Amino acid sequence: MAFDYQRYIRGGKLPHIWCPGCTYGTVFKSLLRAIDAQKLDRNDIAMVSGIGCASRLPGYVDFNTLHTAHGRALVFATGLKMAKPDKHVLVVSGDGDATAIGGNHFIHACRRNIDMTLLVFNNYTYGMTGGQYSPTTPYGLSASTMPYGNVDFAFDIPSLARGAGATFVARGTAYHVPALDRLIVAAMRHKGFSVVEIMNACPTAFGKRNKFKSPTDLLLWMKESFVPVEAFEKLPPEKTQGKLPMGILHSREGAPEFCEAYFAMVERLKEKEGTGKP
Ligand code: SF4
């Protein structure tokens, strides 16, 4: 039987704003299937976003949702999780929102290990605001603010997340859809801060400027360039050129979760106050 996406979509909010050929709709559907697979009650899900094309997603879903300020989604999500620790908190963000404007929040959320999932929609550009280069625009490629080629080196989001202490780090793409469904489920089931980088096609602001003639060219590039991590690790170094691993890249279970540690600290403080000790 066909999957019924409508039951998760907020009535009256469609059509969406995304361009023809954008893969955000593909990822949106993957996310809904991943949530459905876990049999979660929609009232137990909270979705938070900042600003950008990806950040419009919470407007379309019938969950508890917050559309916040540019780069600040993780801050709002942290407050929400501490007030309602029983909720499954999902944050959706673009590469600029998560790693430029919100870059400092990103690294500190990673080291805090609060139990929430961050999905970073990486399309190598600021799509909504006109194709400016972002921290993930590859070296040498073009952007509206780097028309002769980017001269900054790009962040590798999974490496950044792992280096900052995230206990679950994964990468998927909008081309490898069944694998993406599974990655989102695994990230949401992880106890702690999980980050999933999702490679996306932005034909409007990135593709046309970089000689991807059609959205299909971007999807074919994803197909060729992203290799399951188990196979990637067996490649000789010369065959890894131009390729990136995808899948679960890092997972560490059992690290103390922030809310639990925080509330335990509050209990210790209350006990101490009860003793009258300074
Ligand atoms: Fe998608 Fe790019 Fe259009 Fe934004 S600008 S909706 S990312 S294609």
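Above this text is the structure in question.
The rules behind each value
- Residues numbered from 1 in each chain as written.
- Predicted model: local features only at pLDDT ≥ 70, side-chain atom pairs only at ≥ 80, totals over all residues.
- Heavy atoms only, no water.
- Helix = DSSP H or I, 4+ residues; strand = E, 2+ residues; numbered from the N terminus.
- Rg over C-alpha atoms; globule rule 2.2 N^0.38 Å.
- Buried < 20%, exposed > 50% of the residue type's maximum accessible area, 1.4 Å probe, protein only.
- Contact = heavy atoms within 4.5 Å.
- Expected span 1.5 Å × (residues − 1).
- Salt bridge = Lys/Arg side-chain N within 4 Å of Asp/Glu carboxyl O.
- 1 Å grid on protein atoms, 1.4 Å probe; cavity = no way out; pocket = protein on both sides within 12 Å on 5 of 7 lines; lining within 4 Å.
- Points joined across faces, edges and corners; volume = space filled by probe spheres on them.
- Nonpolar A, V, L, I, M, F, W, Y, C, P; charged D, E, K, R; others polar.

When helices and strands are counted, the protein chain shows ten helices and ten strands. For the protein chain, the C-alpha radius of gyration of 19 Å lies close to 19 Å, the compact-globule estimate for 278 residues. C-alpha atoms of the protein chain, sized along the principal axes, occupy 70 × 45 × 35 Å. Relative to its full complement of 278 residues, the protein chain shows a buried share of 48%. Sequence separation of 24 or more characterises 69% of the internal contacts of the protein chain that already satisfy a separation of 6 or more.

So, about unusual backbone geometry. That bond from Leu14 to Pro15 is cis: its omega, 10 degrees, falls within 30 degrees of zero. Looking at where Pro15 falls in the secondary structure, it is placed in the segment before α1 (24-37). Its identity is not glycine, yet Asn113 carries a phi of approximately 55 degrees, on the positive side. Note that Asn113 resides in the loop between α4 (103-112) and β4 (116-122). Notably, Lys211 is not glycine yet its phi reads approximately 65 degrees, a positive angle.

Here we take up α1. Along its 14 residues, α1 runs 20 Å from first to last C-alpha, staying within 8% of the 20 Å computed at 1.5 Å per residue. All of the buried residues in α1 are Tyr24, Val27, Phe28, Ser30, Leu31, Leu32, Ala34, Ile35 and Asp36. The first or second residue beyond α1 is Lys39, which carries a positive phi of 55 degrees.

Next up on the list: the pattern of salt bridges. Considering all chains together, one arrives at nine salt bridges under this definition. The salt bridge involving Asp181 is made with Arg33; its shortest N-O contact spans 2.7 Å. Linking Asp181 in helix α6 (residues 177-189) with Arg33 in helix α1, this pair joins segments that are 148 residues apart in sequence. By relative accessible area, Arg33 is classed as partly exposed at 21%.

Bringing empty space enclosed by the protein into the picture now. Gaps between atoms show up when a probe of the same size as a water molecule is rolled over them. Scanning the model with the defined rule gives two cavities of 30 Å³ or more in all. There is about 160 Å³ of room inside the largest cavity. Along its surface, the largest cavity is lined by 19 residues, and Ile51, Gly52, Cys53, Tyr126 and Gly127 are the ones closest to its centre. For the lining of the largest cavity, the elements supplying multiple residues, two or more each, are β3 (88-94), α3 (95-101) and β5 (125-126). Split into classes, the residues belonging to the lining of the largest cavity amount to seven nonpolar, ten polar and two charged. For the second largest cavity, the calculated volume is near 50 Å³. Taken together, the residues that form the lining of the second largest cavity break down as five nonpolar, four polar and one charged.

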